[in-house]
Amino acid sequence: MSSLVDPYSRSITYMRVSVTDRCNLRCVYCMPEEGLSWTPTQDILSYDELLRIIRVAAKRGLQKVRITGGEPLVRKGIVGFVEQVNQIEGINEIALTTNAVFLKEMASDLHKAGLKRLNISLDSLDPKKFSEIVRRDIFDMVWDGIEEAEKVGFEPIKINVVLQQGVNDHEVVDFVNLTRRKPYHVRFIEYMPCANWEMWKKTYRPFQAVVDEVETRFGHLIPVNGANEGNNGPAENFRLPGAPGVLGFIHAVSHDFCDTCNRVRLTADGQIRPCLFSEIAVDFREAIRNGCSDEEIEGLLDQVLYVKPLYHELDVNAEEKMLPTMVNLGG
Ligand code: SAM
Ligand code: SF4
């Protein structure tokens, strides 16, 4: 059986699976304060439908699944879903991205279900600033969730920080220091144009200046061997001398990593989007609900490969490419 290779010779081995577009937070760069009109439940793929797509893709070489949302931990039955993904032959890595609000109560069960990798979004270490960004007074719950995840054995724990100029970029040093205290992998993510163009223009900060700031303060950053390869996509990883944690930069906007892109995104309503910044999508839901065969699902996967754009064009066309939100796409 042929593997999932697109016309530009990129091998698709990684699928980000959004299990819901709902969320219990309202991060300023992701969603309006009043929320969004959520996709009706009947239009969201059932776990069995999601598993079927992943299973067929795994037969064609898919290796890694990231479960995301919206907030994946608000969907009922998520632990059982993780367990079932973990049993799919060929899937050798399952990760989950969460805002950690429910992590304290769920970390242990998720770990037992076979989840080993967690990405936690934490845009500020200052509870007041954090509550302004996520529009909820909830820092302690999130921090407790992170510590619980560490306690039950998640390794590595990755902390995602979307950096915005004038919002949280004064905390760069505090986050770098976190990697000296904890074995966490702190990853600064470039703010991508999403939801609010004016805000993006005002607060987008390209990363070279941040790297320069960190090196001025802490000295030359030591690249982490091998960590900049493979499934890390656009991340560049470093370690401060003697630090247990790792520091990563995800050049989501300023660097072109499209030629090595290995991922696609399955939306909660059953489309596969081959590129975050393209509206091109292949619908799987209708075919599945009309009783299609596994071979037909494979045919749809081939269509995804065929329409995957070579390049995101964000540098020439950012406003037009701007996403209404990330919640259906999982970031
Ligand atoms: N709710 C979960 C969470 O926040 O971790 C998972 C879904 S969220 C859409 C996935 C990731 O996308 C988060 O780390 C979030 O910070 C990031 N994200 C959302 N909007 C973004 C933007 N405009 N630019 C960069 N990252 C963004
Ligand atoms: Fe929710 Fe995650 Fe978006 Fe924040 S980034 S509003 S936690 S989906």
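Read on for an overview of the structure. (Residues numbered from 1 in each chain as written. Chains lettered and ligands numbered in written order. Predicted model: local features only at pLDDT ≥ 70, side-chain atom pairs only at ≥ 80, totals over all residues. Heavy atoms only, no water.)

### Remarks on the pattern of salt bridges
Oppositely charged side chains are able to pair whenever their charged atoms sit close together. A full pass over the atoms with the stated rule returns 16 salt bridges. Between Asp 294 and Lys 59 there is a salt bridge, and its shortest N-O distance comes to 3.9 Å. With Asp 294 in helix H10 (residues 294-307) and Lys 59 in helix H1 (residues 47-59), this pair connects stretches of sequence that are 235 residues apart. When its relative accessible area of 51% is taken as the criterion, Lys 59 is described as exposed. (Salt bridge = Lys/Arg side-chain N within 4 Å of Asp/Glu carboxyl O. Helix = DSSP H or I, 4+ residues; strand = E, 2+ residues; numbered from the N terminus. Buried < 20%, exposed > 50% of the residue type's maximum accessible area, 1.4 Å probe, protein only.)

### A few points about unusual backbone geometry
In this chain, Glu 155 is followed by Pro 156 through a cis amide linkage whose omega measures 0°. Relative to the assigned elements, Pro 156 resides in the loop between helix H5 (139-152) and strand E5 (157-163). Of note, the phi angle at Ser 9 is positive, near 70°, even though the residue is not glycine. Located in the positive-phi region is Ala 100, a residue other than glycine, with phi close to 75°. Its location among the elements puts Ala 100 in the loop between strand E3 (93-98) and helix H3 (103-112). Classification of Ala 100 as buried rests on a relative accessible area of 0%.

### What about the pairing of strand E8 (residues 235-239)?
Note: strand E7 (residues 222-223) against E8, two bridges, orientation antiparallel. Its bridge partner being in E8, Ile 222 is matched across the sheet by Arg 239. Strand direction decides the pairing type here: E8 and strand E9 (residues 246-250), joined by four bridges, are antiparallel. Looking at the pairing, Glu 236 lines up with Phe 249 of E9. The antiparallel hairpin formed by E8 and E9 contains six residues in its connecting segment, where Gly 242 sits at a positive phi of about 80°. (Pairing = 2+ DSSP bridges.)

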